Number of protein chains: 2
Amino acid sequence: MKVYLAGPDVFLPDPITMAERKRSLCAAHGLTGIFPVDAHPQHPEEAEVPRWLWIYRRNEAHMRDADAVIANLTPFRGPSADAGTVYELGFMRALGKLVLGYSNVAADFVPRNLGFLGRSARRDAEGRWRDGMDMAVEDFGLADNLMIDGGIKEAGGIFVRRDVPESARWTDLAAFETCVRTLAALSR
Amino acid sequence: MKVYLAGPDVFLPDPITMAERKRSLCAAHGLTGIFPVDAHPQHPEEAEVPRWLWIYRRNEAHMRDADAVIANLTPFRGPSADAGTVYELGFMRALGKLVLGYSNVAADFVPRNLGFLGRSARRDAEGRWRDGMDMAVEDFGLADNLMIDGGIKEAGGIFVRRDVPESARWTDLAAFETCVRTLAALSR
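### Regarding the domain arrangement of chain A
Residues and elements named next belong to chain A.
- In terms of domains, chain A is made up of domain 1 (2-108 + 144-186) and domain 2 (111-142).
- Here domain 1 packs against domain 2, burying approximately 960 Å² in sum over the two surfaces, 57% of which is carbon and sulfur.
- In terms of surface lost to domain 2, no three residues of domain 1 exceed Pro79, Asp108 and Leu146, which account for 58% of the buried area on that side.
- Along the contact surface separating domain 1 from domain 2 lie 1 salt bridge.
- One salt bridge in this structure joins Asp144 and Arg112, with 4.0 Å as the shortest N-O distance.

### A word on the packing of helix α5 (residues 146-154) of chain A against helix α2 (residues 51-65) of chain B
- Between α5 of chain A and α2 of chain B, the least distance of the axes is 9 Å, while the angle of their chain directions is 85°. On the basis of the axis angle, α5 of chain A is roughly perpendicular to α2 of chain B. Across the interface between the two elements, Leu146, Met147, Asp149, Gly150, Gly151, Lys153 and Glu154 of chain A of α5 of chain A pack against Trp52, Leu53, Ile55, Tyr56, Arg57, Asn59 and Met63 of chain B of α2 of chain B.
- Counted by class, the contact of α5 of chain A with α2 of chain B contains 7 nonpolar, 3 polar and 4 charged residues.

### Points about the interface of chain A and chain B
- Contact with chain A, which involves 58 residues of that partner, is made by 58 residues of chain B.
- Across the chain A/chain B interface, buried area totals approximately 4,900 Å², and carbon plus sulfur atoms make up 70% of it.
- When residues of chain A are sorted by the area they lose upon contact with chain B, Trp52, Arg77 and Met147 of chain A head the list and together hold 18% of the total.
- At the boundary of chain A and chain B, one finds 6 salt bridges.
- Between Arg93 of chain A and Glu60 of chain B there is a salt bridge; the shortest N-O distance is 2.6 Å.
- Among the residues forming the side of chain A that touches chain B, the class breakdown is 30 nonpolar, 9 polar and 19 charged.

About the criteria used
- Residues numbered from 1 in each chain as written.
- Chains lettered and ligands numbered in written order.
- Predicted model: local features only at pLDDT ≥ 70, side-chain atom pairs only at ≥ 80, totals over all residues.
- Heavy atoms only, no water.
- Domains from an automatic or database assignment.
- Buried area = accessible area lost by both parts, 1.4 Å probe.
- Salt bridge = Lys/Arg side-chain N within 4 Å of Asp/Glu carboxyl O.
- Axes fitted to C-alpha atoms, helices over the stretch in contact; angles between N-to-C directions.
- Helix = DSSP H or I, 4+ residues; strand = E, 2+ residues; numbered from the N terminus.
- Parallel < 35°, antiparallel > 145°, perpendicular 65-115°, else oblique.
- Contact = heavy atoms within 4.5 Å.
- Nonpolar A, V, L, I, M, F, W, Y, C, P; charged D, E, K, R; others polar.

Right under this line is the structure:
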């Protein structure tokens, strides 16, 4: 089973080391990990297209090849997960692949939003939290926007949340390993 | 042609009025607009599942029925678009649908990130912007994470950006109408 390793891990100072750590954990459980920056045989760098478009095409090809995705959904520059990762989650769900996710921040979506909004958050007449521009804060006791939790649920996956020290937010792989172990069990 | 109207518009104080405005603009160009909160004949509210899961299932059903998506990608609580909307963009791209997007903030992704990060942003030895946790800021001169711009590009769509007064950020539909007009032309 091939698993696409989605996440903002590609923005780390040393993404290659993270790719190797994640791939090793996958291999230890009998899975083949595919990291976004891995070369794709049918998608060598194309001189005639902009680099970002070539990266997009390579990532799409990796996803179509994979049987499952494990997404790093740790909140990234705001209350929600990284936008590129969330796009890939929706993409994999639409293709009917297995979808799993993890976050190194355990708090629910509402308290994370309230922490982000600070004093601009207020309750409306119905008691619903709204931001300074009157946009509601989604409140279902979930980990992120319901499309994320829902996609994982409908795809038969799990969303593992676990607090780690802030300095280890982008490197701790305990929650990731729980996803790997679960996926290995599901694929047997 | 049926077009799914994705966006954080569902969080407005009066999403129904926005649904009607968007649907009217679609109808004026010969398109059928589907707003997320619209009822779906095969997905009436299910008493036996949590409300968020029923909403997820209804939205998926709406997307599978649609031929295209026009996504409101205006930055939402951070430098990127709303997570639920981005999920739906990836979902629609994977299904091979036409994908269009718009934003009522014209600035590129990098200046938006720098504005968000403030003094925690700094350049690394290679001159690349990084946040306070050493995570790189993606810099391709795009509107958002490259998966978003790339998905729209590969699906043959457009990403319309246009500045509006801040008070009209969630209600101005000029950029949306440009998408509607483009989609109508593409579908002829």
